[in-house]
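# Per-entry structural report
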Amino acid sequence: MYFSLPQTYREAPAEELQERIIEAKRKLGHKLVILAHHYQRLEVVGFGDHVGDSYGLSKVAAEMADVETIVFCGVHFMAESADILSHPNKRVYLPNPLAGCPMADMAEMADVMEAWQRLEEFGGDKKVVPISYMNTSAGLKAFTGRHGGLICTSSNAPAALKWGFDRREKVFFFPDQHLGYNTGIRYGLKPDEMVLWDFSREEGGLTEDQLAKAKLILWKGHCHVHTNFTVEHVAEVRRDYPGVKVVVHPECPHEVVDAADADGSTSFIVEYCANAPTGSTIAIGTEINLTNRMAHEHPDKKIFELSGDTCPVCANMYRTTLNDLAYTLENYADLKPIEVAEPTRGEALVALEKMLEVG
Ligand code: 13P
Ligand code: SF4
C-alpha cells in the first residue's frame, strides 16, 4: 500500500500541528475520541483522550456511547477490533494506514486453516479450542469465533487459557509463541505438554504422537521487538544496578520473563512504574517509547531500557506522527475508515465479546 501525506501536512511545524489538533478536537467535541496505545510517540500520547493497552482501549471503544468518530493511534489490528466492537454507531480511523504488526502477519489465514484441518483429526471443535491473541487479522478473529474460541490480550491471557481448558482438552494458541508459552507455564503446564506448530514445515513439523499428547499447540510467531531481550541483559542490569527491579512484557522469551521480577501488559508496566516507591531503579523490557515515557513521567525514579543500547523500537507504532493525526482530524470526512465487513465482523465480535467477559 502506498500512503503519502499532502505536502502541507508533511512540512507543517510541530507547534502549528499541535494548535490545529487542539482546534479540531475542540470543534468535534464529545463526538470524537482519540485512543492512543502506550507505545505511541510521547507527543501523540499527549493528545490521547484514553491511553492504554490493547485490552483497555478495546473496552473503551465498546463502551463509549456518545462518540461518533474514533481516531485510533495504534496499529491496524487494534483499529479493526475497535471497529468490530463499536459498530454500527462509530467510525474508526487509523491515522497512519501503514501501521501494521509484523507478528500478526506471521499468522496467515491459509496457514492457520491448514493447521486447523490437521487438528480436526485430533477432535477439532469437540476437543480443541482456538485462542487468538489480539494481534491478528479480523479474519482470524472470525475463525476463532466460529470455532467457539476467544480473543486474549497480554492482560487477560491467564484467564483466557483457563477458560479454554475448562471447556476443551487442547488449546490452539496463535500467533505469539512466547505469550502462549509463558501463559502455559503460569497455568501449570509442563514444557513437554506444549508444542510449537511451525507453519513453514509440513504438518507443522509435528508428529502424530506429539500432537496427540500436546495440551497447548503454539503458533511459531514472535514479536521482533520483545525477542530482542535476553537473560544476559537481565544479568547485566542486576550486576550494574544492585536492587534494580526488572519488569518485562510477556511477549519476551520465557527465560527473560522467568529472570524478571514481574511481567505483564503495557498497562501493567505503567502501573508498576507508578506504584514503585520514589528512588526505585527499574529496567523495562518492552518497546522503547513506553520506557522513555515512564522515565519522563517519573523523574523521582531511575527508569531505563533493559537491553542497553539495542533500541527496541516498534517501527509500526512509531509511524503515527502529529502530522498524521492533524491530517486525519481535519479530513476524516473524506478518508476511508477501517471497516470490517460481515460476516467476518459478526463472527469476530463473538470472540471479542468473550474476551471482555473473561476480563
Ligand atoms: P498490550 O496488549 O500489552 O498493550 O500489548 C500489545 C502489543 O502489541 C505488545 O507488543
Ligand atoms: Fe506487533 Fe511487536 Fe509492534 Fe506489538 S511491539 S505491535 S507485537 S510488532
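Provided above is the structure to which this section pertains.
The present account deals with the structure reproduced in this document. For clarity, every value in this text was computed on a predicted model and none was experimentally measured. (Residues numbered from 1 in each chain as written. Chains lettered and ligands numbered in written order. Predicted model: local features only at pLDDT ≥ 70, side-chain atom pairs only at ≥ 80, totals over all residues. Heavy atoms only, no water.)

### Points about the sheet that holds strand S1 (residues 32–37)
Sheets are built from strands paired through backbone hydrogen bonds, the pairs being either parallel or antiparallel. Applicable threshold: The pairing criterion for strands is at least two bridges between them, as found by DSSP. Runs of E in the DSSP output that reach at least two residues are strands. Runs of H or I that reach at least four are helices, and both are numbered from the N terminus. Under this scheme, a helix contributes an axis fitted over its contacting stretch, all axes are lines through C-alpha atoms, and angles between N-to-C directions fall in the 0 to 180 degree range.
What the 4 strands build is an open sheet, ordered S2-S1-S3-S4; its pairing is parallel. Edge strands, defined here as strands with exactly one partner in the open sheet, are strand S2 (50–52) and strand S4 (91–93). Looking at each pair of strands side by side, their axes are set apart by 20° on average, direction ignored. In this structure, S1 lies alongside strand S3 (residues 69–73), joined through 5 bridges in parallel fashion. Bridge pairing in S3 places Ala36 opposite Cys73.

### A few points about the pattern of salt bridges
For clarity, the cut-off: Here, a salt bridge means any Lys or Arg side-chain nitrogen found within 4 Å of an Asp or Glu carboxyl oxygen. Relative accessibility decides the category of a residue: with a 1.4 Å probe and only protein chains considered, values under 20% of the type maximum give buried, values over 50% give exposed, and everything between is partly exposed.
All told, the structure shown has 19 salt bridges when counted by the stated rule. Note that Arg146 is salt-bridged to Glu347, the shortest N-O span being 2.8 Å. Remark: Glu347 occurs in helix H19 (residues 344–358) and Arg146 occurs in helix H9 (residues 138–146); sequence separation between them is 201 residues. Classification of Arg146 as partly exposed rests on a relative accessible area of 43%. A relative accessible area of 24% means that Glu347 is categorised as partly exposed. Salt bridges sharing partners connect three or more residues here, namely Arg118, Glu121, Glu203 and Glu208.

### Remarks on the site of ligand 1
Rule in force here: By convention in these notes, a residue is near a molecule or strand provided one of its non-hydrogen atoms lies within 4 Å of it. The definition of a polar contact used here is a pair of N or O atoms within 3.5 Å, where within protein one atom must be able to donate a hydrogen and the other to accept one, and adjacent residues in sequence count solely through side-chain atom pairs. The method behind every accessible area is Shrake-Rupley, applied with a 1.4 Å probe, and residues are considered shielded solely by the protein chains displayed. Residues are called lining when one of their atoms sits within 4 Å of a cavity or pocket point, these points coming from a 1 Å grid over the protein atoms alone, where a cavity is a set in which a 1.4 Å probe fits but cannot get out and a pocket is an open set with protein on both sides within 12 Å along at least five of seven lines. Cavity and pocket membership follows a simple rule, namely that a molecule belongs there if more than half of its atoms are within 2 Å of the grid points. Charged residues are taken to be Asp, Glu, Lys and Arg, nonpolar residues to be Ala, Val, Leu, Ile, Met, Phe, Trp, Tyr, Cys and Pro, and polar residues to be all remaining types, Gly included.
The immediate surroundings of ligand 1 are formed by His37, Tyr39, Asp53, Ser54, Asn135, Ser154, His226, His249, Glu251, Ser265 and Thr266. In the model, an oxygen atom of ligand 1 is placed 2.5 Å from a nitrogen or oxygen of the Ser54 side chain. Here an oxygen atom of ligand 1 and a side-chain polar atom of Glu251 are 3.0 Å apart. A total of 300 Å² of accessible area belongs to ligand 1 in isolation, and the protein chains cover 95% of it. The cavity that encloses ligand 1 is the largest cavity. Among the residues forming the shell around ligand 1, the class breakdown is 1 nonpolar, 8 polar and 2 charged.

### With respect to the packing of helix H10 (residues 157–167) against helix H11 (residues 177–187)
For any two helices packed against each other, one specifies the inter-axial angle together with the distance between the axes. This is how the line gets drawn: When describing relative orientation, an angle under 35 degrees is termed roughly parallel and one over 145 degrees roughly antiparallel, while 65 to 115 degrees is termed roughly perpendicular and anything else oblique. Crossing handedness: left-handed means the near helix sits turned counterclockwise from the far one by under a right angle, and right-handed means the same turn made clockwise. We call two residues contacting when some pair of their heavy atoms lies within 4.5 Å.
It is the contact of H10 with H11, at a shortest axis distance of 9 Å, that shows an interaxial angle of 70°. It follows from the interaxial angle that H10 and H11 lie roughly perpendicular. Between H10 and H11 the crossing geometry is right-handed. Touching Ala157, Pro158, Leu161, Lys162 and Phe165 of H10 are Leu179, Thr183, Gly184, Arg186 and Tyr187, all from H11.

### A word on the layout of surface pockets
Selection criterion: Grid points are joined across faces, edges and corners, and a volume is the space filled by probe spheres set on the points.
Empty space within the largest pocket amounts to approximately 250 Å³. Taken together, 13 residues make up the lining of the largest pocket; nearest its centre are Leu94, Pro97, Lys336, Pro337 and Ile338. Taken together, the residues that form the lining of the largest pocket break down as 10 nonpolar, 2 polar and 1 charged. Quantified by volume, the second largest pocket comes out at close to 190 Å³. As for the second largest pocket, its lining consists of 16 residues, and the residues nearest its centre are Pro158, Asn182, Arg186, Pro250 and Asp263. Mapped onto the lining of the second largest pocket, the elements with two or more residues apiece are H10, H11 and helix H14 (254–259). Ranked by the residues each element gives to the lining of the second largest pocket, the list is headed by H11, at 5 residues.

### Topic: the packing of aromatic side chains
Filter applied, for reference: When two rings of Phe, Tyr or Trp (its six-membered ring) have centres within 6.5 Å they constitute a pair, described as stacked for plane angles under 30 degrees, edge-to-face for angles over 60, and tilted for the intermediate range. Criterion for a charge above a ring: Lys NZ or Arg CZ within 6 Å of the ring centre, and within 35 degrees of the ring normal.
A complete count under the given rule lists 11 aromatic pairs for this structure. Joined through ring pairs, the aromatic side chains of Trp116, Phe143, Phe172, Phe174, Phe199 and Trp219 make up one cluster. Here the guanidinium or amino end of Arg41 rests over the ring plane of Tyr318, the centre of that ring lying 3.7 Å away.

### Regarding the site of ligand 2
Every residue near ligand 2 is listed here: Tyr39, Cys101, Pro102, Met103, Asn135, Cys223, His224, Glu251 and Cys314. With respect to the pocket detection grid, ligand 2 is positioned in the largest cavity. Here the residues of the shell around ligand 2 sort into 6 nonpolar, 2 polar and 1 charged.

### Focus on the sheet that holds strand S7 (residues 170–174)
Spatial ordering of the open sheet is given by S6-S5-S7-S9-S8, a layout of 5 strands whose pairing is parallel. Looking along the sheet, the strands with just one partner apiece sit at the ends: strand S6 (150–152) and strand S8 (194–197). If you compare each strand with its neighbour and ignore which way they point, the axes differ by 25° on average. Pairing of strand S5 (residues 128–133) with S7 involves 5 bridges; the strand directions are parallel. When the sheet's bridge partners are listed, Ile131 is paired in S7 with Phe173. Across the sheet, H9 lies against S5, S6 and S7, angled at about 170° from S7, the strand it touches most.

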